[in-house]
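The primary structure of each chain is shown beneath.
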Amino acid sequence: MSLPKFEYVIAHSIEEAGNLAVELGDNCMIMAGGTDVIVLMKDRVLKPEYILDIKGVPGMDQLEYVPGEGLKIGALTKLRTIQTSKIVKERFRAVADAAHFVASTQVRSKGTMAGNICNASPSADTAPILLVLNASIKTFRTSPDNGRTIPIGEFFKGVRKTALTYGEIVTEINIPELGAGEYAAYIKHAIRKAMDLAIVGVAAWLKMDGSKCVDCRIALGAVATTPIRAPQAEQLLIGQELTDELIAKAGVAASESCSPISDVRASAEYRKDMIRVFTKRAIKKALETNKA
Ligand SMILES: Cc1cc2nc3c(=O)[nH]c(=O)nc-3n(C[C@H](O)[C@H](O)[C@H](O)COP(=O)(O)OP(=O)(O)OC[C@H]3O[C@@H](n4cnc5c(N)ncnc54)[C@H](O)[C@@H]3O)c2cc1C
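Residues numbered from 1 in each chain as written. Predicted model: local features only at pLDDT ≥ 70, side-chain atom pairs only at ≥ 80, totals over all residues.

J.: Would you mind going over helix H11 (residues 268–288) in detail, with residue names and values included?
T.: For H11, which comprises 21 residues, the first-to-last C-alpha distance of 30 Å matches the rise-based estimate of 30 Å (1.5 Å per residue) to within 8%. Those residues of H11 that fall on the buried side of the exposure criterion are Arg 271, Met 274, Ile 275, Arg 276, Phe 278, Thr 279, Lys 280, Ala 282, Ile 283, Lys 285 and Ala 286. Turning to H11, the residues buried within the fold contact strand E11 (182–189), strand E12 (200–209), strand E13 (212–221), helix H9 (231–237) and helix H10 (244–256). (Helix = DSSP H or I, 4+ residues; strand = E, 2+ residues; numbered from the N terminus. Expected span 1.5 Å × (residues − 1). Buried ≥ 20, exposed ≤ 12 C-beta atoms within 10 Å, placed from the backbone. Contact = placed C-beta atoms within 7 Å.)

Written out as structure tokens, the structure reads:
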């Protein structure tokens, strides 16, 4: 299918991008890798008058680990770079896994994690792991300030809706360092092994003291209008020894906490049941992976 007509504008600096985004107005769409934007335009879901291409903006494709602070992922860093990074695999295994779960090598070689979350699809594979790892999103905007930091828990507002204001551009995703006894995992259930959106996705983060869970966060993808936390399941685990029975109960609690829709991929009932199963598996995987 062909693309609708649009004007193609290139930004060469973040300041220029911020100014252009405001100047071009409502009908301007920011584009990084374009793996969502182009498909949605071909499907006529998006019909922007202007495409503002930011991929030439310098200094936004970094992937840096700062000991004691964590991981800094530039908004233009490709998913493939994240997936294959030695340091990410060593210290943030679950983040590399989540990046790997997106699409295919070709798509990951173009697409970015920032684009994945800014597209704000309920099934975005990198959203649940960013939620449980308490990531924060750094932005640039020309007004009313030069940008801000948005906690990931406040980022998703609805299907294709984020907390970004008019002309605001994500510059970096920050993931805090995993401390001693902290483990994380993301797993996805889809019909096909690759190139398929999640029927459900579940991320778990656990802070353990021996076999006792001191703190915990669980996030669910593809079962609500945004990726969501599962607080009832988390509360069941916090302060407890993690037995198989308790982990199974947490799976049930997570399942009861979501109200998914039925669509071409799965029925609501199936999704709920898969949340039960995959929450259990995500918790166990986090426990098995040591420092994820
Ligand atoms: C065949 C195929 C299979 C796919 N499979 C999966 C899958 O399994 N799992 C999954 O989660 N996704 C999947 N996707 C979706 C897609 O690849 C990801 O969402 C990708 O990460 C988007 O990144 P991008 O850089 O290409 O974003 P773009 O397409 O450039 O942009 C996406 C959105 O984010 C906005 N945006 C991008 N960067 C910024 C920024 N820095 N600041 C503000 N707004 C910004 C754009 O305006 C747009 O709204 C698939 C896509 C295709 C084409």
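Now that the structure has been shown, the text picks up again.
J.: Residue-level account of the sheet that holds strand E1 (residues 7–10), with values.
T.: The 3 strands lie next to each other as E1-E3-E2, forming an open sheet whose pairing is parallel. Either end of the sheet is taken by a strand with one partner, and the two such strands are E1 and strand E2 (28–31). Sheet twist, expressed as the average angle between the axes of neighbouring strands with direction ignored, equals 25°. Taken together, the 4 bridges between E2 and strand E3 (residues 50–53) define a ladder with parallel strand orientation. Bridge pairing links Cys 28 to Tyr 50 in E3. The strands touched by helix H1 (residues 14–24) within the sheet are E1, E2 and E3, with E3 carrying the most contacts at an inclination of about 170°. (Pairing = 2+ DSSP bridges. Axes fitted to C-alpha atoms, helices over the stretch in contact; angles between N-to-C directions.)

J.: An account of the sheet that holds E11 is needed here, citing residue identities and associated values.
T.: Backbone-to-backbone hydrogen bonds pair the strands of a sheet. The strands run either parallel or antiparallel. Spatially, the 4 strands line up as an open sheet ordered E11-E12-E13-E14, and their pairing is antiparallel. Single-partner strands in this sheet number two, and they are E11 and strand E14 (228–229). The pairing of E11 with E12 spans 8 bridges and is antiparallel. Across the sheet, Ile 187 pairs through a bridge with Val 202, a residue of E12. Contacting E11, E12 and E13, H11 runs over the sheet at an angle of about 35° to E12.

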